[in-house]
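# Survey of secondary and tertiary structure
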Amino acid sequence: MTVSPSKVGHIGIAVRSLEASLPFYTDILGLKWEGTEDVPSEQVRVAFLKVGETRIELLEPMSAESAIASFIAKRGEGIHHIALDVEGIEEKLSYLGEQQIQLIHEQPKQGAHGAKVAFLHPKSTGSVLYELCESKPE
Ligand code: ZN
């Protein structure tokens, strides 16, 4: 078995302000803004921009307790994580556990758009924060 992601679902980018960041993506890059959603469990407000089959996910902290707020405090704005779309996320997480890959979430939690998501620990991935994402069936 392998994780076998179907694609890079999205790239998460930490920003201080969606309002200040969005015009670059929409007016200069010309990407389609698909909407903004609050994810209260993560204390983060997320804007989605479509680039072909992939999305850019801009992440703005909703409070100082948000993981995105501490990321920006430590490292400034920039690339936060890469999300890989998978099927059967529970099975993939237990497989990763068996491979001694450290998981931030052993069980998936609810992400934006009702997707099931879980993060792998950067200690096990060469310092890249990867998210596995299984979208909600239509
Ligand atoms: Zn994400």
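Residues numbered from 1 in each chain as written. Predicted model: local features only at pLDDT ≥ 70, side-chain atom pairs only at ≥ 80, totals over all residues. Heavy atoms only, no water.

Moving on, we get to the coordination of the zinc ion. Taken together, His10 (NE2), Glu57 (OE), His81 (NE2) and Glu131 (OE) make up the protein donors of the zinc ion, found 2.0 to 2.5 Å from the metal. Angles of 85 to 168° at the metal separate the 4 donor atoms of the zinc ion, which places the site in the irregular class. Each donor residue of the zinc ion lies on one chain, and together they are spaced H-x46-E-x23-H-x49-E. Of this pair, His10 sits in strand S1 (residues 7-14) while Glu131 sits in strand S8 (residues 130-134), and the two are 121 residues apart along the sequence. Accessibility expressed as a relative area gives 8% for His10, which makes it buried. (Donors = N, O, S within 2.8 Å, 3.2 Å for Na, K, Ca; no water. Tetrahedral: all angles 85-135°; square planar, octahedral: opposite > 155°, others 65-115°. Helix = DSSP H or I, 4+ residues; strand = E, 2+ residues; numbered from the N terminus. Buried < 20%, exposed > 50% of the residue type's maximum accessible area, 1.4 Å probe, protein only.)

A separate point is the nonpolar core. Ranked by size, the top nonpolar core spans 11 residues in total: Val3, Leu84, Val86, Ile89, Leu93, Tyr95, Leu96, Leu103, Ala118, Leu120 and Leu132. Among the elements that line this core, the one with the most residues is helix H3 (residues 89-98), at 4 residues. (Core = buried A, V, L, I, M, F, W, Y, C linked by side-chain atoms within 4.5 Å.)

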